[in-house]
Amino acid sequence: PAPASAPASASAPAPVSAPASASTPSSQPSISPVERVRKKLVSLYQNCIDQMIKLDTTYDFSYPVTDAIAPNYSSIIAHPMDLKTMRDRCLTYTSINDILQDLNTIVANATTYNGKNSPLALRAQELYAKWREVLLKRQSQENELQGELQREKEKEMEKEKEVKSIAVDSSLAQKTFDAMLLLVA
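Residues numbered from 1 in each chain as written. Predicted model: local features only at pLDDT ≥ 70, side-chain atom pairs only at ≥ 80, totals over all residues. Heavy atoms only, no water.

Asks: Please clarify how the overall build of the protein should be interpreted in this entry.
Replies: Looking only at helices and strands, the protein has 6 helices and 0 strands in total. Of the regular secondary structure in the protein, the N- to C-terminal order runs α-α-α-α-α-α. In the protein, buried positions account for 32% of the 185 residues. Long-range pairs, those at least 24 residues apart, make up 77% of the contacts in the protein between residues at least 6 apart in sequence. Approximately 11700 Å² of the protein is accessible, and the part contributed by carbon and sulfur atoms is 58%. (Helix = DSSP H or I, 4+ residues; strand = E, 2+ residues; numbered from the N terminus. Buried < 20%, exposed > 50% of the residue type's maximum accessible area, 1.4 Å probe, protein only. Contact = heavy atoms within 4.5 Å. Areas by Shrake-Rupley, 256 points an atom, 1.4 Å probe, with all protein chains shown as cover.)

Encoded structure:
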């Protein structure tokens, strides 16, 4: 079978980065602490995947595989995956484990399409080890951010409880006032 990747000679653009905002911070709506931490996590995941793309010097796994590159690929591989697609999915990842699952899919696809001992499958396994190292180096940073995210979510829930409690107290006060008006009338 043909390789399940872009040709080694293909010129690939630099990793995609988030667009710079033209507005000033004061003109942007404020974001919640939960959203602020979530953005930090997404940025962490994007940085990890950017490093992985740099490790894929032949771009074999950096971009989607097409049937033009690998005949019948779409009929053989049910769940295609590549690093650019992963980069685009960063908002959906909730942990490094989600990224590892997609990396496993890349290796499985290379093995399924090309054969277990094919050069491309072996390269996928070799890169997987390096990609995993990138993630493990960032594990403690992710753990800190996940802890911060959890604390911010708990604070948010406490604030919601306080607001509901105030609303109930306000409602009771209004009913009491209305009852007193009826007694006076």
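Asks: Whenever I open this one, the nonpolar core confuses me. Can you help?
Replies: In a soluble, globular protein the nonpolar side chains are often hidden away together inside. Counting 32 residues, the largest nonpolar core has Met52, Leu83, Met86 and Leu103 as its most contacted members. Elements supplying a minimum of two residues to this core: α1 (33–55), α3 (83–88), α4 (96–114), α5 (119–137) and α6 (139–184). With 10 residues, α1 is the single largest residue contributor to this core. Filtering out sequence-adjacent residues up to four positions away, Met52 remains in contact with Leu83, Ile99, Leu103, Trp131, Val134 and Leu135. (Core = buried A, V, L, I, M, F, W, Y, C linked by side-chain atoms within 4.5 Å.)

Asks: What is the right way to read the pattern of salt bridges from this model?
Replies: Side chains that carry opposite charge are capable of pairing whenever their charged atoms lie near each other. Inspection of the entire model under this criterion finds 9 salt bridges. For Glu126, the salt bridge goes to Lys130, with nearest N and O atoms at 3.9 Å. Here Lys130 and Glu126 lie together in helix α5, a separation of 4 residues that amounts to about one turn. We classify Glu126 as partly exposed; its relative accessible area is 44%. (Salt bridge = Lys/Arg side-chain N within 4 Å of Asp/Glu carboxyl O.)

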